[in-house]
Amino acid sequence: MNFSLQLYSVRNFQPWSDVLAMLAAAGYKNVEGFGGVYEDPAAFRKLMYQNGLAMPSGHFSIDALEGDLETVFATASTLGIKRIYCPHIVADKRPTDKAGWQAFAARLSAVGEKVRAAGYGFGWHNHDFEFAALADGSVPMQILLDTAPELDWEADIAWIIRGGADAPDWIARHGDRITAVHVKDIAAAGEATDEDGWADAGHGTVDWTGLFKQLKAQTPAKLFIMEHDNPSDAGRFASRSLDWCRGAAE
């Protein structure tokens, strides 16, 4: 298991030079990129290398993937990214019925064909909205997986749970599609309200001990990426999450 950290988690604790130094000191070897670190890829690569960090995966918006793919490829190449994940679609552009989600899956397939042809892996990163049943009872995440059978899945387990779905069941049924995992935890009800109800990995309500065993057995995923959408203390989140996961994964 290769542990990483989604840099979106620590976006509020810049400068990036300090953030990357903190992550390296905590024991990280990998980070995952997002739009906020792509402005000057060469400069960011230098910062990573100075701290012994690599970026095997990165998030790129659907707008960038459809509208400026050459820049996506240039950024990925500079930063050493091997797996590209599309992480989101904004609410006002989000499909509202099965046909709409099938059409969106077709868009992802078209992008994915180009991304894979360039030598990268390509997949979708879920949030919670993909698990909310549509009017006809169909589920957007299932539609994406069925309509785009070549699409990888970066499974954000805590968002599956917050979406009201059974994470172990989704892993059991679609584990062969999961090529990376976001390791995020959910605080007990009423706790961590200043952190939007999220918790450091291993310090919340998600059964990560059991999930690690299942994910290792039922998926090809090797990259496990720490994430916390709104930590009050970046160093605490980064170090506690990595230390706990290293122990749990043994």
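Here the structure is a predicted model, which is why all the values come from computation and not from measurement.

Chemist: Got a sec to walk through the pattern of salt bridges? Specific residues and values, please.
Modeler: Tallied over the full model, the rule gives nine salt bridges. Asp169 is the salt-bridge partner of Arg173, the closest N and O atoms lying 2.9 Å from each other. In this pair, Arg173 and Asp169 are both assigned in helix 8 (residues 167-174), four residues apart and thus about one turn of the helix distant. For Arg173, a relative accessible area of 39% puts it in the partly exposed group. Between Lys184 and Glu227 there is a salt bridge, and its shortest N-O distance comes to 3.1 Å. Note that Lys184 is positioned in the loop between strand 7 (178-183) and strand 8 (185-186) and Glu227 in the loop between strand 10 (223-226) and helix 10 (234-248), a separation of 43 residues in sequence. On the basis of relative accessible area, Lys184 is assigned to the buried category, the value being 0%. We classify Glu227 as buried; its relative accessible area is 6%.

Chemist: Lay out helix 6 (residues 140-147) in plain terms, naming residues and giving numbers.
Modeler: An α-helix turns once per 3.6 residues; consequently, residues spaced three or four apart project the same way. For helix 6, the tally of buried residues reaches six of eight residues, placing the bulk of the element in the interior. Buried within helix 6 we find Pro140, Met141, Gln142, Ile143, Leu144 and Leu145. In this structure, the buried residues of helix 6 make contact with helix 5 (98-117), strand 5 (121-125), strand 6 (152-156) and helix 8.

Chemist: Account for the side chain of Ser241, naming residues and giving values.
Modeler: For Ser241, the position within the fold is in helix 10. Taking the relative accessible area as the measure of exposure, Ser241 reaches 0% and is therefore buried. For Ser241, the side chain forms a polar contact with the main-chain oxygen of Phe237, separated by 2.7 Å. Non-local contacts of Ser241, meaning those with residues more than four positions away in its chain, are made with Tyr28, Asp200, Ala201, Met226 and Arg236.

Each value, and the rule that gives it
Residues numbered from 1 in each chain as written. Predicted model: local features only at pLDDT ≥ 70, side-chain atom pairs only at ≥ 80, totals over all residues. Heavy atoms only, no water. Salt bridge = Lys/Arg side-chain N within 4 Å of Asp/Glu carboxyl O. Helix = DSSP H or I, 4+ residues; strand = E, 2+ residues; numbered from the N terminus. Buried < 20%, exposed > 50% of the residue type's maximum accessible area, 1.4 Å probe, protein only. Contact = heavy atoms within 4.5 Å. Polar contact = N/O pair within 3.5 Å; in protein donor to acceptor, adjacent residues only side chain to side chain.

Without other data, these values stay purely geometric and don't point to any function.
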